[in-house]
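Geometric and topological summary
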Amino acid sequence: DMKLKYISLAVLVVQNASLILSIRYVRTLPGDRFYTTSAVVMAEILKVLTCLLIILLQKRCNVKETLFFLLDSIVFQYKDTLKLAVPSLIYTLQNNLQYVAISNLPAATFQVTYQLKILTTALFSVLMLRKSLSRVQWVSLLLLFAGVAVVQVQQEGNKEASVSNSANQNYMVGLVAVVISCLSSGFAGVYFEKILKGSSASVWVRNVQLGVFGTALGTLGLWWNDGAAIAERGFLFGYTPMVWCVIFNQAFGGLLVAVVVKYADNILKGFATSFSIIVSTIMSIYLFAFHVDLLFTAGAGLVIGAVYMYSLPKGGSSSLTSSSSSSSPNGGSEMEAFLPKSVLVK
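In what follows, the accompanying structure is described. (Residues numbered from 1 in each chain as written. Predicted model: local features only at pLDDT ≥ 70, side-chain atom pairs only at ≥ 80, totals over all residues. Heavy atoms only, no water.)

Over the atoms, a rolled probe matching the size of one water molecule traces out where space is still vacant. Taken as a whole, the second largest pocket encloses approximately 430 Å³ of empty space. Contributing elements (two or more residues each) for the lining of the second largest pocket: helix H2 (36-58), helix H5 (85-104) and helix H10 (203-233). A class-by-class count of the residues in the lining of the second largest pocket yields ten nonpolar, seven polar and three charged. (1 Å grid on protein atoms, 1.4 Å probe; cavity = no way out; pocket = protein on both sides within 12 Å on 5 of 7 lines; lining within 4 Å. Points joined across faces, edges and corners; volume = space filled by probe spheres on them. Helix = DSSP H or I, 4+ residues; strand = E, 2+ residues; numbered from the N terminus. Nonpolar A, V, L, I, M, F, W, Y, C, P; charged D, E, K, R; others polar.)

If you want it as structure tokens, here you go:
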């Protein structure tokens, strides 16, 4: 099983780093820019289709049975489905914000700053679920915050140098997008955990419910933001093979993480996050001529250390207070299947 663990670690790191870097790459290319709102909708649709396929396979390809099952769990138990409207709205917002953030921030900076979601998730868990954190975890949250702050200071200093070559990038916009994204991610994750504790629906059904809302809300966002332009140029305007790769990565990355987490645990997830920050940074140096100095290294180092510390088991108990631990025996893995709507592993 050790081998499986390392395979899942590798998969997480690759998914994590490649998504950020590829979004950054397609958003900064010259030429026709695709509409990010359409990419968000497309990823949702792919996700729903994949989950429907999995449910069909679980029902041994019996179409009739599958349809009745879906009708029952999604339409007849509509109250259950409606509960997911809130997290779904937040995730749709977040997926759009993520594109905004990565279009305006260097990939490595985004990676590091996005770790603030550990902080927001922890705070919402303490407030909404009355969870308690160990002393080590509180210290790690402080370190995390310090690390992110250091990276921001470093970027501030570097800004003058890079403004000239990035005419249509606005650092402040990117930063605000990340912060809102972290807040919403923390809230949605915890709210979701509250819902999940009182229900027994399968991971795939939950993802279909989320995806149905996600598609609808995403389409609304698309119409609101880019409606006229898309009516004129088409939904798939500016889609290159690379853009399709990003969309597939975003759609299946989430489901992949859901499966991987069954074999892995929080500590491994912490490692994967830290490791992918390092990978993104190294790749950014080669791909985007990203400039790394002592301050960035110090800040990223603090963040990586904090992520690792936060995911250490508490004293004697091995249960972890992060957004993925849950009272039910496989609550952790159930929970995870949803959360990875966001780019990074939660």
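Still to come is the rest of the account.
On to the side chain of Ser22. With respect to the helices and strands, Ser22 occurs in helix H1 (residues 2-28). On the basis of relative accessible area, Ser22 is assigned to the buried category, the value being 10%. Beyond its immediate chain neighbours, meaning those up to four positions away, Ser22 contacts Met242 and Val246. (Buried < 20%, exposed > 50% of the residue type's maximum accessible area, 1.4 Å probe, protein only. Contact = heavy atoms within 4.5 Å.)

Running from N to C, helix H6 (residues 107-114) and helix H13 (residues 294-310) point in directions that differ by 35 degrees, and their axes come no closer than 10 Å. Crossing angle aside, the handedness with which H6 passes H13 is left-handed. When H6 is examined against H13, the residues Ala108, Thr109 and Val112 are found in contact with a partner set consisting of Phe296, Ala300 and Val303. Here the contact of H6 with H13 is composed, by residue class, of five nonpolar, one polar and no charged. (Axes fitted to C-alpha atoms, helices over the stretch in contact; angles between N-to-C directions. Left-handed = near helix turned anticlockwise from the far one by under 90°.)

To continue, consider the environment of Ile55. Of note, Ile55 is situated in helix H2. For Ile55, a relative accessible area of 1% puts it in the buried group. Counting along the chain gives 15 residues from Ile55 to Leu70, while the straight-line C-alpha distance between them is 9.0 Å. In contact with Ile55, not counting residues within four places along its chain, are Thr66, Phe69, Leu70, Trp204, Val205 and Val208.

With that settled, consider unusual backbone geometry. Notably, Arg130 is not glycine yet its phi reads approximately 55 degrees, a positive angle. Checked against the element boundaries, Arg130 lands in the loop between helix H7 (116-128) and helix H8 (135-163). Residue classification places Arg130 among the exposed residues on the basis of a relative accessible area of 70%.

Applying the stated criterion to the full structure yields one salt bridge. Where Asp80 meets Arg206, a salt bridge forms, and the shortest distance between an N and an O atom there is 3.4 Å. With a gap of 126 residues between them, Asp80 in helix H4 (residues 78-82) and Arg206 in helix H10 connect regions that are remote in the sequence. Residue Asp80 shares its accessibility class with Arg206, and that shared class is buried. (Salt bridge = Lys/Arg side-chain N within 4 Å of Asp/Glu carboxyl O.)

A few words on the packing of aromatic side chains. Applying the stated criterion to the full structure yields ten aromatic pairs. Seen in terms of ring centroids, Phe34 and Tyr99 are 6.1 Å apart; in terms of plane orientation they differ by 80 degrees. Their pairing is edge-to-face. Note that Phe34 is positioned in the loop between H1 and H2 and Tyr99 in helix H5, a separation of 65 residues in sequence. Across this residue pair, the class does not change: Phe34 and Tyr99 are buried. Aromatic rings pair up to connect Phe34, Tyr99, Tyr239, Trp244, Phe248 and Phe252 into one cluster. The positively charged end of Arg27 is found above the aromatic ring belonging to Phe34, 5.1 Å away from the centroid. We note Lys59 situated over the ring of Phe69; from NZ or CZ to the ring centre the distance is 4.0 Å. (Phe/Tyr/Trp six-rings, centres within 6.5 Å; stacked < 30°, edge-to-face > 60°. Lys NZ or Arg CZ within 6 Å of the ring centre and 35° of its normal.)

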